[in-house]
Amino acid sequence: QEADDEQEDEARTIDAYIEQLFVCIVQNVGFGTKTIWINQDECNKLIPELNKLLFNKFLPFLRKHFKIRMKYCNLMSMKIKRDALLSSSRQYQLYSPEYRFQISAQQDIQLHFRCYKQFDSVRNEDVLMAKFEVKLLPNSVSSVKVYGGLWFPQIAFDRWDYCTLTHSKLSQGCPLFPLSRIQEIDTLKIEICFQLYRVYDQFGKRLKL
């Protein structure tokens, strides 16, 4: 009987912890943007019962009780030959396809991801330098805020970061990992996520997305 009571107490403790953890996450989701980003491709793989529970119950619950809205994130894939990456440099970079975000019938914002080999003097080895960049920013837009994500499934490495891009600062990035981590990989796969969550016009006014 004592063992059963202990198991029940432990279960209640775990349930309370999970509930508090859930509340903490949803109250701080999106760092003020109140948006949960959904991978549509992965959602399409859900069994019908789970898909229905997610879209008919869970997401409406978040919207009603926590004012959290849902948006689909923008994903693209990139495959890079190791030899091409090892031959790259600041002068000869590798680029992803463009992501276009339409702000009007005549104008859109164009973003892409770029990467290249760079020598890290601190580590004393070559690393992968990665950057998100605005390829085209209309004059009617002063800045954009992007939440960018990178996933390298072959080495189980991911990196997420916020960046603000403007006409005077078109790109932002950082070194990711030593290229020695991919020495056995012939073709490197990169999953790229663009989440453009704020756009400001030339007067600094936030545009409704």
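Residue indices follow the written sequence of each chain, beginning from 1 at its first position. At least 70 in pLDDT is required for a residue's local features to be given in this predicted model, at least 80 for side-chain atom pairs to be given and counted, and no such filter applies to totals for whole chains, interfaces and linings, which use all residues. For the side-chain quantities, the full set of heavy atoms in the structure was used; hydrogens and water were omitted.

A. Representation of the overall build of the chain within the structure. By definition, any uninterrupted DSSP run of H or I lasting at least four residues is a helix, any uninterrupted run of E lasting at least two residues is a strand, and each is numbered from the N terminus. Within the chain, the secondary structure is distributed over four helices and 12 strands. Counting across all 209 residues of the chain, residues that qualify as buried make up 37%. Sequence-distant contacts in the chain: of pairs separated by 6 or more residues, those separated by 24 or more amount to 63%. Here the accessible surface of atoms and residues is derived via Shrake-Rupley with a 1.4 Å probe, and residues count as covered only by protein chains that are part of the display. Summing over all exposed atoms, the chain offers an accessible surface of approximately 13,200 Å²; the carbon and sulfur share of this is 52%. Three exposure classes are used, based on accessible area relative to the maximum for each residue type with a 1.4 Å probe and protein chains only: buried under 20%, partly exposed in between, and exposed over 50%. Whether two residues are in contact is decided by their heavy atoms, any of which lying within 4.5 Å being enough.

B. A look at the pairing of strand β8 (residues 141-152). Here, any two strands with at least 2 DSSP bridges between them count as paired. The pairing of β8 with strand β11 (residues 187-201) spans 10 bridges and is antiparallel. Counterpart to Leu-150 in the pairing with β11 is Ile-192. Looking at chain direction, β8 and strand β9 (residues 157-166) are connected through 10 bridges and run antiparallel. Residue Tyr-147 lies in a different strand from β9, and its bridge partner there is Tyr-162.

C. Looking closely at the pattern of salt bridges. Salt bridges are defined as contacts in which a side-chain nitrogen from Lys or Arg sits within 4 Å of a carboxyl oxygen from Asp or Glu. Evaluated as defined, the whole model comprises seven salt bridges. With its nearest N and O atoms 3.2 Å apart, the salt bridge here joins Arg-100 to Asp-108. The class of Arg-100 is partly exposed, set by a relative accessible area of 47%. Three or more residues joined by partner-sharing salt bridges are found here, namely Glu-98, Arg-100, Asp-108 and Lys-135.

D. Looking closely at the packing of aromatic side chains. Centre distance within 6.5 Å is the pairing criterion for rings of Phe, Tyr and Trp, where only the six-membered ring of Trp is used; planes under 30 degrees apart are then read as stacked, over 60 as edge-to-face, and the remainder as tilted. The tally for this structure, following the rule as stated, stands at nine aromatic pairs. Pairing Phe-132 with Phe-194 gives two aromatic rings, centres 5.3 Å apart and planes at 85°, and the pair type is edge-to-face. On the criterion of sequence distance, the pair formed by Phe-132 in strand β7 (residues 125-136) and Phe-194 in strand β11 is long-range, its members being 62 residues apart. You can call Phe-132 buried: its relative accessible area is 10%. Between the aromatic rings of Phe-157 and Phe-177, the centroid separation amounts to 5.0 Å while the plane-to-plane angle is 70°, which identifies the pairing as edge-to-face. You can see Phe-157 sitting in strand β9 and its partner Phe-177 sitting in strand β10 (residues 171-178), a full 20 residues away along the chain. Looking at Phe-177, the relative accessible area reads 1%, which means it is buried. Counting every residue linked through ring pairs, the aromatic cluster contains Tyr-99, Phe-113, Phe-132 and Phe-194. Note on geometry: a ring has a charge over it if NZ (lysine) or CZ (arginine) is within 6 Å of the ring centre and within 35 degrees of the ring normal. Over the ring of Phe-177 we find Arg-181, and its NZ or CZ is 5.7 Å from the ring centre.

E. Inspection of unusual backbone geometry at higher detail. Despite not being glycine, Asn-124 has its phi angle at roughly 60°, a positive value. Mapped onto the secondary structure, Asn-124 falls in the loop between β6 (108-120) and β7. At Ala-156, a residue that is not glycine, the phi angle is positive and equals roughly 55°. The exposed category is assigned to Ala-156, whose relative accessible area is 56%.

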